[in-house]
Amino acid sequence: MIFANTIDEVSIKLGKKMAFKQVNFRVDDKSEIYRWIKYQNNKTASITAALTSAIEEYGYTDLVGAIIKQKASHDNTGRLLRNPDNTHGKEK
């Protein structure tokens, strides 16, 4: 990941022009997301780092679906570990 102050600075570092797309989204001003954003010194860099971390963890799949699947798997594993009878209905 390249951090730079201007598009020209990025172009110089890469030796080529980069195309940028602007993405806008709305956030409830009473949400945890807004609270997090409010405390970031460089909002663009912080959001970029958060998204990069999500890509490294989950790849290019739908993030909501991946998190729900992971949570369900984790909850099921935790339930199995807490259950002293892990036979899943099998005869003892």
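First, a word on what this report is: a plain description of the structure on this page. (Residues numbered from 1 in each chain as written. Predicted model: local features only at pLDDT ≥ 70, side-chain atom pairs only at ≥ 80, totals over all residues. Heavy atoms only, no water.)

### What about the overall build of the chain?
- Within the chain one finds 4 helices and 0 strands.
- Seen in sequence order, the chain has helices and strands lined up from the N terminus as α-α-α-α.
- The buried share of the chain, taken over its 92 residues, is 11%.
- Sequence separation of 24 or more characterises 9% of the internal contacts of the chain that already satisfy a separation of 6 or more.
- Carbon together with sulfur atoms contributes 55% to the accessible area of the chain, which is approximately 8600 Å² in total. (Helix = DSSP H or I, 4+ residues; strand = E, 2+ residues; numbered from the N terminus. Buried < 20%, exposed > 50% of the residue type's maximum accessible area, 1.4 Å probe, protein only. Contact = heavy atoms within 4.5 Å. Areas by Shrake-Rupley, 256 points an atom, 1.4 Å probe, with all protein chains shown as cover.)

### Here's the deal with helix 3 (residues 43-58)
- For helix 3, built from 16 residues, the straight-helix expectation of 22 Å at 1.5 Å per residue is met to within 8% by its first-to-last C-alpha distance of 22 Å.
- Taken together, the buried positions of helix 3 are Ala-45, Ser-46 and Ala-54.
- With a side-chain oxygen positioned 3.3 Å from the backbone nitrogen of Thr-44, the residue opening helix 3 is Asn-42.
- Of the residues flanking the end of helix 3, it is Gly-59, one or two places downstream, whose phi is positive at about 75°. (Expected span 1.5 Å × (residues − 1). Polar contact = N/O pair within 3.5 Å; in protein donor to acceptor, adjacent residues only side chain to side chain.)

### Section: the pattern of salt bridges
- Using the criterion set out here, one finds 2 salt bridges in the structure.
- A salt bridge links Asp-29 to Lys-30, with the nearest nitrogen and oxygen atoms 3.5 Å apart.
- Across the salt bridge formed by Arg-35 and Glu-32, the nearest N and O atoms sit 3.8 Å from each other. Of the two residues, Arg-35 and Glu-32 are both situated in helix 2 (residues 32-38); the distance of 3 residues between them amounts to about one turn of the helix.
- Judged by relative accessible area, which is 46%, Arg-35 ranks as partly exposed.
- You can call Glu-32 exposed: its relative accessible area is 58%. (Salt bridge = Lys/Arg side-chain N within 4 Å of Asp/Glu carboxyl O.)

### Things to note about the side chain of Ser-46
- Along the chain, Ser-46 turns up in helix 3.
- Ser-46 sits in the buried class, given a relative accessible area of 16%.
- Excluding anything up to four places from it in sequence, Ser-46 contacts Trp-36 and Gln-40.

### Some remarks on the environment of Asn-24
- Structurally, Asn-24 is set in the loop between helix 1 (7-14) and helix 2.
- Exposure remark for Asn-24: the relative accessible area of 63% places this residue in the exposed category.
- Polar side-chain contacts of Asn-24 include one of 3.3 Å to the side chain of Gln-22.

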